[in-house]
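Tertiary structure, described
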Amino acid sequence: AEHLIDLGTFVAYARARPSKRQDESEGREFSSRLVAQFGKLSVCLAAVLGKTSVDEEVMARVSRVALDTARGRTLEILRHLAGAEEGGATTDGASIAANITVERGRVFLRFLRAVGAVESSKKLGQMRWKLSRRMATLWRKVVG
């Protein structure tokens, strides 16, 4: 059950997108809905595979489904930050990793900071980005 909560929370962050219009509120979806969906998927998958309970094989498949639903620019930015050195990544580096312009990357990173997925600091006059402690923990648990 704890792994389902981690999956749901991770996917909610990874699927979050900055608003294209200024009048929309920015945020991430409720992870409880995703947790419930992943729970149903695990039970149904166990039944389809002829298992009497949810085991490691079932959870591995559910995890793959979760990562597949999380694919996109946000996940690519998070992946880049997860692999960055201790000082963090630059806006340019994160933008290139997500295949977006630096200006769009700046918008994404500010949004991710607002929802608590990343943190920023200024080093030698340049903005550096890294995963928040919560996101870094989720990354290790979900992605590895």
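Preceding block: the structure.
Anyway, here's the lowdown on the structure attached to this text.

Description of the overall build of the chain
Across its full length, the chain carries 7 helices and 3 strands. Going residue by residue from the N terminus, the α and β elements of the chain occur as α-α-α-α-β-α-α-β-β-α. Over its C-alpha atoms, taken along the principal directions, the chain stretches across nearly 60 × 35 × 25 Å. Pairs at least 24 residues apart make up 58% of the contacts formed inside the chain by residues separated by at least 6 positions. Surface summary for the chain: the accessible area is close to 8400 Å², and the carbon and sulfur share equals 52%. The distance from the centre of the 25 positive side-chain charges to the centre of the 16 negative ones in the chain is 2 Å.

Digging into the packing of helix 1 (residues 2-14) against helix 3 (residues 56-69)
Contact pair helix 1 / helix 3: the axes reach a minimum separation of 9 Å and the direction vectors enclose 10°. By the criterion of interaxial angle, the relationship of helix 1 to helix 3 is roughly parallel. Listed contacts from helix 3 to His3, Leu4, Leu7, Phe10 and Val11 of helix 1 are Met59, Val62, Ser63, Ala66, Leu67 and Thr69. Considered class by class, the residues forming the contact of helix 1 with helix 3 number 8 nonpolar, 3 polar and no charged.

Observations regarding the environment of Val54
Locating Val54 in the fold gives a position in the loop between helix 2 (31-48) and helix 3. Residues Val54 and Trp129 lie 75 residues apart in sequence; the distance between their C-alpha atoms is 38 Å. Setting aside its immediate chain neighbours within four residues, Val54 contacts Ser42, Val43, Ala46 and Met59.

Section: the pairing of strand 3 (residues 126-131)
The sheet contact formed by strand 1 (residues 89-90) and strand 3 spans 2 bridges and is antiparallel. Paired with Thr90 across the bridge in strand 3 is Arg128. Two strands pair when backbone bridges link them, and strand 2 (residues 118-123) and strand 3 are joined in this way by 6 bridges, in the antiparallel orientation. Bridge pairing in strand 3 places Val118 opposite Leu131. Joining the antiparallel neighbours strand 2 and strand 3 is a turn of 2 residues, in which Leu124 adopts a positive phi near 50°.

Description of the side chain of Thr91
With respect to the secondary-structure elements, Thr91 resides in helix 5 (residues 91-98). Of note is the side chain of Thr91, whose polar atom sits 2.9 Å from the side chain of Trp129. Ignoring any residue separated from it by four or fewer positions in sequence, one finds Thr91 in contact with Val102, Gly105, Arg106, Leu109, Met127 and Trp129.

Here we look at unusual backbone geometry
The residue Asn99 is not glycine, and still its phi comes out positive at about 60°. Looking at the element boundaries, Asn99 is found in the loop between helix 5 and helix 6 (102-114). A positive phi angle, near 50°, is found at Leu124, a position not held by glycine. Looking at the element boundaries, Leu124 is found in the loop between strand 2 and strand 3.

Structural notes on the sheet that holds strand 1
Pairing within the open sheet is antiparallel, and its 3 strands lie in the order 1-3-2. Taken across any chain shown, the strands that pair with only one partner, and hence form the sheet edges, are strand 1 and strand 2.

Conventions we followed
Residues numbered from 1 in each chain as written. Predicted model: local features only at pLDDT ≥ 70, side-chain atom pairs only at ≥ 80, totals over all residues. Heavy atoms only, no water. Helix = DSSP H or I, 4+ residues; strand = E, 2+ residues; numbered from the N terminus. Contact = heavy atoms within 4.5 Å. Areas by Shrake-Rupley, 256 points an atom, 1.4 Å probe, with all protein chains shown as cover. Lys, Arg positive; Asp, Glu negative; His and termini not counted. Charge placed at Lys NZ, Arg CZ, Asp CG, Glu CD. Axes fitted to C-alpha atoms, helices over the stretch in contact; angles between N-to-C directions. Parallel < 35°, antiparallel > 145°, perpendicular 65-115°, else oblique. Nonpolar A, V, L, I, M, F, W, Y, C, P; charged D, E, K, R; others polar. Pairing = 2+ DSSP bridges. Polar contact = N/O pair within 3.5 Å; in protein donor to acceptor, adjacent residues only side chain to side chain.

Such coordinate-based values are descriptive only and should not be taken to indicate function.
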